[in-house]
Every structure is written in C-alpha cells, then in structure tokens.
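# Fold and contact review
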4 protein chains.
Amino acid sequence: MNLARQQSSRLLNASMRAAHAPVGRRAASGFAKFNWEDPLNLESQLTEEETAIRLRYGTGLLPGPNAGRDACNCWLISVVTGESHAASASWMAHRRFGSQDCCHFQRKLIVDAEFNHDILPEMGKLGLLGPTIEGYGCAGVSNVAYGLIARELERVDSGYRSTSSVQSSLVMHPINEFGTDAQKEKYLPRLAKGELVGAFGLTEPNHGSDPGSMETTAEEVDGGFIINGSKTWISNAPVADVFVIWANCKWDNKIRGFILERGMKGLTAPAIKNKIALRVSLTGSVFMDSVRVGHDALLPRTKGLGSPFSCLNSARFGISWGVMGALEDCIDRTRTYALERKQFKRPLASFQLVQKKLVDAQTEVALGLQASLQVGRLKDAGKVAPEMISMVKRNNCGKALQQSRIILDILGGNACADEYHVGRHANNLQVTNTYEGTNDVHALILGKAMTGLQAFAN
Amino acid sequence: MNLARQQSSRLLNASMRAAHAPVGRRAASGFAKFNWEDPLNLESQLTEEETAIRLRYGTGLLPGPNAGRDACNCWLISVVTGESHAASASWMAHRRFGSQDCCHFQRKLIVDAEFNHDILPEMGKLGLLGPTIEGYGCAGVSNVAYGLIARELERVDSGYRSTSSVQSSLVMHPINEFGTDAQKEKYLPRLAKGELVGAFGLTEPNHGSDPGSMETTAEEVDGGFIINGSKTWISNAPVADVFVIWANCKWDNKIRGFILERGMKGLTAPAIKNKIALRVSLTGSVFMDSVRVGHDALLPRTKGLGSPFSCLNSARFGISWGVMGALEDCIDRTRTYALERKQFKRPLASFQLVQKKLVDAQTEVALGLQASLQVGRLKDAGKVAPEMISMVKRNNCGKALQQSRIILDILGGNACADEYHVGRHANNLQVTNTYEGTNDVHALILGKAMTGLQAFAN
Amino acid sequence: MNLARQQSSRLLNASMRAAHAPVGRRAASGFAKFNWEDPLNLESQLTEEETAIRLRYGTGLLPGPNAGRDACNCWLISVVTGESHAASASWMAHRRFGSQDCCHFQRKLIVDAEFNHDILPEMGKLGLLGPTIEGYGCAGVSNVAYGLIARELERVDSGYRSTSSVQSSLVMHPINEFGTDAQKEKYLPRLAKGELVGAFGLTEPNHGSDPGSMETTAEEVDGGFIINGSKTWISNAPVADVFVIWANCKWDNKIRGFILERGMKGLTAPAIKNKIALRVSLTGSVFMDSVRVGHDALLPRTKGLGSPFSCLNSARFGISWGVMGALEDCIDRTRTYALERKQFKRPLASFQLVQKKLVDAQTEVALGLQASLQVGRLKDAGKVAPEMISMVKRNNCGKALQQSRIILDILGGNACADEYHVGRHANNLQVTNTYEGTNDVHALILGKAMTGLQAFAN
Amino acid sequence: MNLARQQSSRLLNASMRAAHAPVGRRAASGFAKFNWEDPLNLESQLTEEETAIRLRYGTGLLPGPNAGRDACNCWLISVVTGESHAASASWMAHRRFGSQDCCHFQRKLIVDAEFNHDILPEMGKLGLLGPTIEGYGCAGVSNVAYGLIARELERVDSGYRSTSSVQSSLVMHPINEFGTDAQKEKYLPRLAKGELVGAFGLTEPNHGSDPGSMETTAEEVDGGFIINGSKTWISNAPVADVFVIWANCKWDNKIRGFILERGMKGLTAPAIKNKIALRVSLTGSVFMDSVRVGHDALLPRTKGLGSPFSCLNSARFGISWGVMGALEDCIDRTRTYALERKQFKRPLASFQLVQKKLVDAQTEVALGLQASLQVGRLKDAGKVAPEMISMVKRNNCGKALQQSRIILDILGGNACADEYHVGRHANNLQVTNTYEGTNDVHALILGKAMTGLQAFAN
C-alpha cells in the first residue's frame, strides 16, 4: 500500500505526457473532443500515480469512464449498508433516484445521523489516512493525490471527507510535524490504520475566528501539566481516542499542542445533537476540568499559533479539493434529472435557464480544480504560501455552496426529498464554507496580504 | 526577433524549475512569501522564453517587480503621446492620478477616440503580430506567450489588444491556415510588420450570434467571384488594407473566406461613430456592392463555418488572457487609491467592505489565468477543444466585467473622472464580454456540450 | 369572532390616520424616529382592524413592541409543546439560544417531523382559517389581514403557514368560489374550525410546472364520475379528510374540480418521507384507482385551468407575505446573535461585513412587504392582476431565500445547529421558492406579460 | 402654475378612488388587466394632482398611454435640439434607433458634454424647480409629485435630473428652510424661474463620505465673514450664480451654511473635464481664497451637520425616484430592441435568458417605486426618518445600476453605440449610486440604526 515515489520524477512524468503531444501548426489547428466532466483536462496534468490513486482505492470493481467515482460511491455504500462490494456495485450500476436501496443508504446519511465506526478502518486499509506522510504505514503520496482523495470522498458526503481530514491533517499531521519519535511511533501507525480516531481541539465557545484569544490553559506541575478549558465544534470528538488540544501555556503565554486521550480524568466529549448538516460526521465539545497529563503529552515543536495554523493549512488545502467533488456530484445528479424530467413536452435540460445553471456550476468546478492543482504542486515543491490556501479554500467553498444552491432548484419540488442528494450536499457545503476559517475571515486574511492593513477587528 | 524554439523543451524547462524545488517533509512544512500580484505563482509555470517575452517587449527600461507591466504602459504611452521612451518611463515612474501628462494620455484614449496609425507598426517591430506563426517574419512563440502579450496590452486598453487580436488571430491566422503559399507570401510579412492593417468580416447587421444565417454571397463568374453583402461591428475596418470576408458561396451553399483589399470597386468601410467603449480601436461596417475579385482571392482551404470558427477560437483564447490584464490594472489602481485615500481618518484600504472587493477581484484574476494557462498548454499540444475556449472566454470576460464594476465603486466620486482609468476599462470590458460570442451564447455552447441538447433558438 | 366590516370604511380609516399628520413646511422638515423592525412604517398603512388582528390572535399575553410576534410564537409553542400559554409566554420572555426548552420545541420542528393534529383546530378557534370568506363561521377580513396572518405564522415555521395556506386558499377558497350551497354548508364550517383537514390535488408526478398536461381523468358514469390518476407533492395529503382534486373531464377535455373524501374506495394518500424541509408539514401523494363519486362531488363552477389558478393566486399572495415573516425571524435571530457574540473583542454586529448582510436583508423585507401590501389593497378592491401576484410571490420568495442564506453565515459554526433556527428557515424557504410556481416559471409568466411571447417550452 | 392644494384632501382623493372599486366576494375573484409598464398600479395611488403633474408638464402634445413619458422626452429634446415642440413630438412618435435625429440628440447628450443654458429656464416655466416650496413662485406640490418629476426627467438623462435636484433640494431648500426672509425674497423667485443657477458646496477633496472632517472655515471679521477652503465634485459649479457653501465656523466649531455669489473676489469654480458620465451636467470645484462676505450671507438657522443633511435627505429622496425613471427607459429600449431583433429566426424577446433579464429589472422598478411612494407619503406627513431615505436611495440606486448593466447585454454589440442610450444610462447610474452617500455608506448608516453600533471607521 506504500505508494511513495520521487516527487521530481512524478512531475517529469506529467510534463512528459504533455510533451508527447504533437506540436506546431498542425497541432494548433486540430481540436480535441470535449469531456464535460473534465472540462479543462485535469487528468492530463496528473502523474500516473495520481491517476492510479484516483481509480484504485475504490477497488476498481466498476469499469467505464466514471470508474473511480462510482468505485468510491460503491465502496462507501458497501461500508455504510453492510452489503458486499459486488452487491453495491450492482446497485450502483443500476442506481435510480428514489429506489429502495437508495433510500436505505440515504437514511444512514441523513436521518439516523450516526457515525459509522467501520469507515475509518476501511479508509485505513485503502491507505487514505495521513496519505502524504512517509513511513509509519502511510502512503507517502503527493499533496495533489491527497486532494484527489478528498474530492472523491466528498462526492459521497462532506461528512466522510471531514472525518478523514481531521484524522489526516489535524491529528496525524501535527504529530508527524511537531511530535517526538516516541509520539509518532505510538500514535501514527494506529491512526493510519483507523484503529484510533483523532480529534483536534482549537476552537472555543467564545473564540471561533480569533483563536489568539484562546482561554484554555496549560500549567506546568510536578510530573507534567494540568489542562483546563473547553473546546467546541470539534469533529469526531464524541468518538475520538486521541485529542490534539491547543492551550495557552501559563509559563510563557505561548500556545502549544498536547496529546490527550479518551478516559483521562476530567476530560469529557459530549456530542452536539440535531445538526442539520454533516450528519454522518460526529461533532462535539471537549471539556477539560483539570486534566493531568505527563510531560510526554506535549508536542515539543509547537510554539505559537503557527503550529495549529500549519494543521489548518493542510486541512484547508484538502477541503478546497473536497468541495469540488461535492459540487460535481450535485451537477451530475441535476444534469441527469434534467435530461430525464420533461415539462412542456421537452426535457428540462433543453431549457436555456437550466443550461445556464449547469454551465455556471461546471465552470466553477473546472476553475477551482485548476487552482487547487497549482497550489498542490507548489505545496509539493515547498513553495506554497498560506494565503494561496486561503484563496482556494475560500473560493472553492464559496463557489461550491453558491452553485450547489442554484442547481438545487433544477430539481423543483424534489429538491426537498433527501433521496435526490443535492439538498444534503448544499447543507453540508454551508458548513464547509464556514469551518476552518469563514469565507469572510479568509477574505480579510487575503485583504491584509493585498493591502498590508489588517481589518479583522473592524 | 524570431523567438521560436522546441515546444517540448520549453515545457520541460517549466517542469524542471518546479522540480528543482526541495521535496519531502521539510518542503511540505515550509511556506513561501505571498505575492499578491501573482497569487498562485503563475510565473513559476512559464518557460524562460515566455517570461522573457513578458518582460522584453516593453523595452526593459523599467526595473523592479513590475518591469514588464510598466514597460508595456511605457512603450504604448510613448507611441500614443509621441514622447521618447525615456520621457515616458520617467513619467510612468512618477505617475500620479490626475497629473497633466496622465490627462494628456487619457484624452488620446477616450476623448479623441482616434486610431493611432503608429501602433501596429510599433507592435510589428516588437514581434507582437501573428506571434504564434512560424516563418514570414513571425515570432513563432507558444500560445501561452501569445496570451501573455494580450494580457500586457490590455492592461493599457482593451482597444489596443483588440486591434492586435484582429490582426493576429482573425487575419493572419486564416491566411496562414487556409491560404495558398502565394497568399501567405503576399500578405503575412507585411501584416507581421504592421504595414498592412487587417479586418475580419463575419458578423452581419442581422446576424450576430448566428453566423449560419449569413446573407453575404459569393457568386462565381468568369475570372473570379462577385461578392455582395454587408458586415458590421468590424474592428479596424475603417483603416483596413486587407479584409478577410466570409460569404455564402452560391454554387454549393458553403461558407468560404475571401481576401478583399481597400480600394476595390464597390467596397466601402465607414466608421461607426460615438462608441462609448473601445474608443482607441476603430470599428466600422463593410459594404460590398458587387465587388469583383479574382480566383486568387479565395482562401482555398476554407469550407463551412468551421473555418471562421477556427479564427474566433484563436481570438477568443487571446481575449481570455487580455481581459485579465485589464482587470489587473483596475485592481492595481483602486488598491493604490484605497491606500492613499483616507476617510474617517483611516485609509479606505483598511475597511472590510473595501478589502472584500479587492480580494474577490484578485481571486478571479488568479483563477482565470490558471484556466487560460491550461488551455494554452493544451492548445500548444494540439489537445484543446473549442468548448474549453468558450469556457475561459466566457468566464474571464464575465468575471473581469463584474469585478471591474465592483471595484470601480472604491473610487467614489472619482470613478467618473476618466483619469482614474477604471471606468474606461469597465466600459471596454462590457464589449469584450459581448463580442466574439456573447456571455449567453457561450453558456449555450457549453450547455449543448453538457447536455447534448441545443438551446440557442429557445 | 366575526371581524367583517365595510372595506371602504377601512380604507378610509387608513388614509385618515395618514391625513391627521401635520402637513406643510413644518412637517416636511421634521424627522421621525426610525424603527428598524418596520423600516418603512407598514403599520401606519394598516386599518385598525388589521393592526388588531396582527396583535390579537396571539392571545395578547405579551406586552411590548413585539407583542404580536412573540404572541404568535408563544401560542404555537404552547400548542406544539403542550405547555400552558403562561408557561410558554414566560419561556418566550426569557428565551435564550440553546436552552433546553428551545431544544424541546426544535425537536418537534425538525427532528420528529410530525404533523401536530392540534394545530388546525387551534387556528380555527382563532379565526385564522379561510379568514377572507364571509359567512360559514369565517372572519371575513381583508386580504391584507390574511397576509398579515401568513407573515406571523411563518415567523415560526413555513410548514405551519403552508398547512394553513392549503386549508384556506386551496380548499376553502375553491369550495366557496366554485361550489354549490350544499357543498359550502357541508364543508366550510368544519374546515373553518379545523375539524376537517383539506388537501389540494393539482400537481402530478410528471407535470409540475405545466398542469395543462394533466393525466388524471374524470369519466361520467351512471350516478356520478370515476376518477383515475395520481397526484404528488400534496401538502396535508396523508392526514386530509377532504381533497379538492383536479381532473381532465373526458367528455369535453376541460379541467374541473371534484371533492373527494378520505375513505373512498380506491383513494390512498401515503406520505413522502425524509423531507429535508417543511418537516412539520406533511406532504404526500394521492393515488386514485377508479374512485367513484356522486354528482355532488363536482365543483360546478370550475371549468378550465382558470379555476385552480384562482386558488393558486390566492395561496401565492399569502406566501408572498409569509416568507417575509420567515426572513424577519432570521434577521431578528442573527442580529441578536451578532450583538451578543464577540470576536476580536468586539461584537460581530460592529463589523462592516456583518452590518451589510443585515441591512441588505432588512431592506428586502421592507420592499417586499410594501409590494405585497399594494397587491393586497388591489385584491381587496378587485383590481389585482395575476401577474402582480406572480411578481410578489417570485420576488419575495427569491429574496427571502437569498437573504436568509446570506445572514445564516453570521452564525458561523452555529449555523448548522438547529436550535439557531435560521438554517431551518433557509431550508424551508428553498421549498417556498419552488412550490406554487418556481422562480423561473413566474419569471416566464411575467416575461410573457412583458413581451407578448411565451417562452415556457424554450 | 401654482398647483398647491390641501394635502389632506389629496390623500382622501387617492383613497376615494380605491374605495370606489367594488368590494366583497365578487371583487376578490375578478382579475384586472396587467400593465407591464406599471406592474403594481402605482397610478392608482396618486392624487389627481400628482397624475396631472406627471402628464402635464410635458405639454401634453402626445396622446396615448405613454403621454407623460414621451412628452417629457419630447420637451427636453425640443430644448436640447432647438427644434419646435411639434417637430420633436413628430420625431418622438416615429423614433427609430440609430436615426439621424436621434444621433443629433445623442451628440448633445454625450459627445459634446455641454451644459445647455436653456434647460433651467424651461424647467422654471414648467414649475419644476423647488416644486415643494410654497410661495415665491413655487408650485407647492407634494413630495410624491417632486419624486414623479425626478423620475420623468431622469428617463431622459440623469444629468438633467441632477441639475434640477441641486437647484431644488440643495439650494432652494436650504434657503427656504434656514434662510432669512430677505434671503428668500432675494433668491427664491429667480432660482424658481431658472434665471439663477445654484450649486451646493459640501464635499471636499479629502472628505467625501465624512463631511464632519470638513476643512473649509469661516472666520468672523469686521462686517462679515472670511471663507477659506475648497470643495469638489460640485454639480453646476462652473455655471452657478449662487453657491450654498458649508464651512466650519472658527468661533464655535459648528458647521454653517453661507450664500456666496459668482464674481466674489477669491472665488473660482473651474469645471472637471472628461467625465465619462453625467456629461450633460457640469461638475466643478469651488476654490475659496479668503472670500469675504457680509453678515447677510449666513444662513442663520443652520448649525451643525444636521442642516446640510436635511438638504441631502431631500435630494436623496428625489434621486430614489429619478433612478427608477432611468432604469425604466433602459427597460423600454431593450425590450423594444429584443422584440425587433431576431437571431436564430426568432425575436430575442422570446428567449428565456432575455425574458428573465427584463423581468428582474421591471420587478425592481415596481418595488423601488412602491417604497419611494411610501417614503414620500410619510415625508408629506412629517413622519419620515432619514434612515428611510437612506434605504430607498441606496436600494433604488443600487438596483437601477445593477439591472441596467444586466439588460444592457441584451443589445449585444450595439450596447456600445451611444444611440442605443442604455450604456449612457448605466454609466450615469454608477454616479448616482455613489454621490449623496455611497451605497456602502448608506449600508453603514442603516447598519448603525439596526445594531446601535457605528462601523464607518472600521
């Protein structure tokens, strides 16, 4: 399952493929066939490994142009419904809106709002957890590959992608980046397998967009530290085994990360109930009432807000890919509906007002993916700036939300029936547009970069 | 002036530069400095030649990070005002809003609405005309380089870019693509030098978005053809020496192109007066009253609408780059204004509502350029589909128009003073959003590609 | 409970109140105090009776400027939770986001998705059902008063307003308008009391926006008619006692209405499950398999689509008021949140980006209500045109949806917690923007009125 | 020409007309015919006098449903072109896009950018200047009538309405409101006749949105005051005879108004050249270098910013009506064009994408006018709040700008030809959206009213 290779050779491969194309006058006047599902030919810019990842992890049961995508759906459906891969594949191949199976799957996605404990282990088996990390049983693939995985997962539901983002970017990343060898050995292999569930505690009840005002504290005491405070809107918290908690250290007023574990005295993590979005992903609070940990709980290389921001930047990068996948699923479903549904004796898809909606959405997908690809290439090359990630996170989340809502209307009355999926995606995307930096906060991050003036507190 | 090289080696160079970056864990955690003027590091994706073109053609008088851009302004200012390069450069270096010189330049751009006959020859000297053509005195550079040229020209004014687009994509391209060797020898070198001005006659008074209904006809007669009909909204027409005219051939009902020349009996090309946009670019009608041409006027490899569409696709690709340049100039100017202008004792640039406007605009520039870059790379590789060009033409023009209008408001009352430039750009961009396929027509071209159903006549 | 009076005297009252204001120069230079909750002073344009209705029906338990509004919430809460009015009022007066009671109420609204059988009888007691009808135990108030009722109900939930709209506009209205005296005597009093629940069957599985293609048929047989067909997205259907069903009459191909009753052989009305919106309002299908009815089931004055459209116009008018109420509740809640929630040491409400969101939303409320008021006055005077109703239905629903989504973002992460209400409203408003004529269909109705050209099938 | 009557009787008339309509059940089910040009029947809410004003001042030459509108065009055309009313009327009746006459008129409107000195005297003759003032030769009509006049004038050009707004609201209003009897006698009659041109000096080069930071000063000296400072973006300044200038009084730091006159030593008022909008309305700066005035120049009842704000509120109210007129003209012209222009063998007006644009624009007109009507009625009754005026000024200007730009695209390539008018209107509307309080500043004024928190300096 270790897919790591040399970054440089991968990039060469990509350019080679492009270079093999005929050049000169003849080439310039020839035209290729347009593929609406990949309007700007993203595929031609991927390395072989990246393409393989896109296709492979879904088990490859399904042939055809949508192999990877359907495979992903198929694989997750199989986990969620408890059916065999073959049964799920067969179901996928003949999927109809509103079928019984579909409703069964949907109930799991929306109505029950249950966390499926098999998801993370299955992801682990497929090498999807902490995939950019080298060693510790991780795949060591490129950041672009990580983005591709996020995109495929979020086609199914933003909640599954969220669960995996937290595990990979917010828990495994900081342990790998800021932890000791012992911490890495202890946690990374089991997190990579999905045996342990991770959570990331930064946001507090009174401090969402300004983590600098954090109230959670760490105090050094004999034999370790005492942590006090509370965190909220913490994904995975109610089922997490491992918590990366950020606290203000009383001895020097610097923010540092600590690894806490389920079962520690004084730590509770109740679920937030009745969410109207991301229902397959559990969210909770973390209350820490004088939780005592040893010195080995400290992530030693963390110091200041730069450390959690490093995690957020990794997660935000993945989100920028993921939301494009969710929007692609919305487009796919509304387009199919518009082709099948007739009004005034003609398919909806033949109406100008409908075509414009679909085209606007697909254009934003094409542009958003190109932008994230470039950020991913720069990230792989160590040349990314955090503001670039703010730009693609903000743009892609904002556009995915906006466009999913617009095309939702194509479904007419069926828009509010959850077996049509698009409304569920749109609700999810409202959350992705808000978490890990709201749309407005990222605007102000970029505004500061453009003007040199900070306007957060204005 | 011949800059041609091997496409493949250029592409390799680009990837090599990326590949030189450090890889692995260390790289992934490092951050680069953000450059708001190139948010996603487009520069890193250019070949050395492309970067050189961006910088060079402006004469390189001005150092610093904006060398190429200011150079372009400087060079054009020099031509337009008749001052020396050095004087223009000095003026550029100290440019202030509302200065006398600026007003002088502005009057040329807006008030006088005159075509400057020195512009095309100067462009010719710099190798900017027909730059992707190999031979005939053309530069033979990549399509991406062509896009970069369009972007720099349109920073100054969409009208100058329009003039050059017509010459390169709509006149030189079809002669090179569909003409005889004799036609190429006769016209291309002089067009490349800007000694001849070209025009492209497709649109008719009653047929803008549906050229298939063309009414202009060609009839074969002894010794050649007789052309009858009229064309309108033809850029460059009033000053053109060479007209590529499209006509429906009576003998087989196919559309073909013909090369007409100024002075032919029955051909007149009066100007359309009182335009409120693109005032430095002349526009006119072409009336053909039994214009008789020899057999050598026929572009022999044209047949059907595919031929003029090939020209339009080349031009549209360039437009998709150009409009981003215009929007960049708008951003640059409003940002500077917002930093200098104070209200309530604080710079405008420190207000949230102002920052959001600037950031939205810059984000669209970054995304639009990435998309056009990818389309350019595919075009260079002979893998482009016309719908891809529709997508970037439509998106970039639409976004440039929308965003330029929004940031125009930052100027407050000064928005309507032409020495602040942004209003002029916004008016120009309304035209670019409409010509060569309106925003809606491109939506329906893409809608047809997505759904298989045409909705143009709906 | 009969509130009927002379229309003309009411209108005079309204103008009198305005006329009592001082006039002339002195008046012109004075300024009144601005009330953000009623920005354009709608209140001053209401008759005394209308103001009384707004305040009274909520039982008047709560004093203060928001008496009517809170009363409505209080009254509905009392019904939904089964608590006493006093308890509910006390709860309202101290309501805090996220309180236990609030969650309890919310569970009823969202999670359980149960129809509350006490709601209609309670509405009946308050005179809210069929309120514009004179006689039969109905209140006989103005159309504006009907709109005010819809607005107050929808502050709580669009589903409650939907239930009442169906009863009043889609069931009682056609019986009153097109029925025999016997039909009126039989059904209206019990519908007015909420003893009977009504449903309206027009939309079919294959025909939403084009009811003219209706497939349900009525065939005349000995002793009556046989009805065959199916209807879908029928509000109240699963619990309805009385169904107004529209069918194509085989004998003359005209569409007519029939009154069917629960329990008739061949009639079934299963619920549509798992809706993501309007969860307190039941929706279902109606299947009619050779349902035999007597001649007295025919609504004799119906003939052609004009009859159901008359019902829809009544309902759409009410919706145009209702959605403004939902948006007002969203504004009220997000504004309170923004005042209480601090980030960067300042209330959210002090940020420019937040203020702009709130102001845009409130402006649309103010404009939408003025427009609906004028349509109501014209409706009362018999001078309304259906296109006017299309205009306010489309505008108010579209704006309510758009603005509720924008201000939802003010809640940040809490947006997806249902106890903050706004996300629930936004989901509901997506449905109101679609049902009873989608936004696009109303655009085309108005487009036809403006151009004389129909474009529905384009 | 004195049209003054009792306000109360007017209001009664309006309600009487409504009351005459049949009431009750029969009325409720009848439908009126829809008039797309007056979608919500504004006409039915006007007093007879107001309707008369709308129709009369244009001289009534033209019969038919558009009498008032065409008359206004006709009257202004007559003045601008120097032709007789009859000739202009005949021209109007047969107006075609692109006709010679039209071009002639257009040249006056755009290309020449000249102030027409006959306009104000002609307006004076028609009673359009200072029309709400009683006495001094003014008409003494309602504020709604004032709004109707602004709407008709701005159908032709925002510049003409601006000229009249300045004269009426910014010069005659403060003299009438804050002046001595002597000042009123001296200036008002001649201003009302258009013999004198007025200007209003509040905005300064460094202080647009925050007049509180004003730098112009008044110092009391023997025999009067000395005024120093500069004003900019002052409409009418280059041709003004009378200037109402606001200055910070050194003796008590309060802002007061002074009446200055052309020819005073130290006062110059050069024009701002090369505007790209409002070209028929002159704009200039006012420089005051120790201008000495007598005590009688002081407007004695001014004190503090409330005084100029009173003027701005009067002007802003008129603008809210005027911009609706400009948008109505844009709709009228693009609709006609869309009906006449065919593409793909069908009129543009039959395309869904075109209908939606027209309908969105017309809806905003209908809503905007209803809102302004209500504000006007409250203003007449002395019950208006300044924030109400901010709301309609901001909304109507913003919507007019947005919608005019959208429908401009219907003209395709012709959009940039000034004889199609719409581009000119759109450019004008950018200015109206900015002057007298930018869109954002009014948002923050309303934001403060909604939240109690000021965010101007944020």
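All of these numbers come straight from a predicted model, not from anything done at the bench.

By a simple turn and slide, chain A fits onto chain C: the slide is 0.0 Å along the axis, the RMSD is 0.0 Å, and the turn is 180°. Viewed as a symmetry operation, the transformation between the two copies matches a two-fold axis. The fraction of interface residues of chain A whose copies in chain C are also interface residues reaches 98%, indicating that both copies meet through the same surface.

Let us now look at the pattern of salt bridges. Summed over all chains, the structure comprises 74 salt bridges over all chains. The partner of Lys 231 of chain B in a salt bridge is Glu 204 of chain B, with the nearest N and O atoms 3.0 Å apart. Here Lys 231 of chain B is found in strand E5 (residues 224-235), whereas its partner Glu 204 of chain B is found in the loop between strand E3 (198-201) and strand E4 (217-221), with 27 residues between them in sequence. In this structure Glu 204 of chain B comes out as buried when scored by relative accessible area, which is 3%. Beyond isolated ion pairs, a larger network of salt bridges with shared partners links Arg 151, Glu 152, Arg 155 and Glu 328 of chain A.

Let's shift gears to the pairing of strand E3 (residues 198-201) of chain C. Residues and elements named next belong to chain C. Here E3 shows no split at all, with Gly 198 and Phe 200 on one side and Ala 199 and Gly 201 on the other all buried. Sheet analysis places E3 next to strand E6 (residues 242-249), joined by 4 bridges and oriented parallel. Looking at E6, one finds that Ala 199 is bridged to Phe 243.

Turning to the environment of Thr 438 of chain B, a few remarks are in order. All names here are of chain B. With respect to the helices and strands, Thr 438 occurs in the loop between helix H14 (422-432) and helix H15 (439-451). In this structure Thr 438 comes out as buried when scored by relative accessible area, which is 18%. Distance in space between the C-alpha atoms of Thr 438 and Arg 394 is 7.7 Å, their sequence separation being 44 residues. The contacts of Thr 438, once residues within four sequence positions are left out, are Ser 209 and Asn 433.

A word on the packing of helix H8 (residues 143-156) of chain D against helix H9 (residues 158-178) of chain D. Residue and element names in this part refer to chain D. Across the interface, H8 lies against H9 with an axial gap of 6 Å and an inter-helix angle of 150°. If you check the angle between H8 and H9, you find them roughly antiparallel. Residues Tyr 146, Ala 150, Leu 153, Glu 154 and Val 156 of H8 touch H9, and the partners they reach there are Ser 158, Tyr 160, Arg 161, Ser 164, Ser 165, Ser 168 and Ser 169. Looking at the contact of H8 with H9 residue by residue, the class counts come to 5 nonpolar, 5 polar and 2 charged.

Now for the UniProt feature "domain: Acyl-CoA dehydrogenase/oxidase C-terminal" (unreviewed entry) in chain A. This chain's UniProt record puts "domain: Acyl-CoA dehydrogenase/oxidase C-terminal" (unreviewed entry) on residues 303-450 of chain A. Between the C-alpha atoms that bound residues 303-450 of chain A the distance is 27 Å, and the span itself is 74% helix and 3% strand.

Turning to the interface of chain A and chain C, a few remarks are in order. Listed per partner, the contact involves 49 residues of chain A and 48 residues of chain C. Interface area for chain A against chain C, summed over the two sides, is near 4000 Å², with a carbon-plus-sulfur share of 52%. Considering only the side of chain A, the residues that lose the most area to chain C are Ile 276, Phe 344 and Cys 416 of chain A, jointly responsible for 17% of the buried surface there. In this assembly, chain A and chain C are joined by 2 salt bridges. Salt-bridge contacts for Lys 357 of chain A lead to Asp 440 of chain C; the nearest nitrogen and oxygen are separated by 2.5 Å.

Turning to its location among the elements, Cys 416 of chain B is positioned in the loop between helix H13 (386-408) and H14. For Cys 416 of chain B, a relative accessible area of 4% puts it in the buried group. Those residues in contact with Cys 416 of chain B that lie beyond four places of it in its chain are Trp 233, Asn 274, Lys 275, Ile 276, Ala 277 and Val 431 of chain D.

Cut-offs and rules
Residues numbered from 1 in each chain as written. Chains lettered and ligands numbered in written order. Predicted model: local features only at pLDDT ≥ 70, side-chain atom pairs only at ≥ 80, totals over all residues. Heavy atoms only, no water. Least-squares fit on C-alpha atoms with pLDDT ≥ 70 in both. Contact = heavy atoms within 4.5 Å. Salt bridge = Lys/Arg side-chain N within 4 Å of Asp/Glu carboxyl O. Helix = DSSP H or I, 4+ residues; strand = E, 2+ residues; numbered from the N terminus. Buried < 20%, exposed > 50% of the residue type's maximum accessible area, 1.4 Å probe, protein only. Pairing = 2+ DSSP bridges. Axes fitted to C-alpha atoms, helices over the stretch in contact; angles between N-to-C directions. Parallel < 35°, antiparallel > 145°, perpendicular 65-115°, else oblique. Nonpolar A, V, L, I, M, F, W, Y, C, P; charged D, E, K, R; others polar. UniProt positions renumbered as here; feature names shortened; annotations may be inferred. Buried area = accessible area lost by both parts, 1.4 Å probe.

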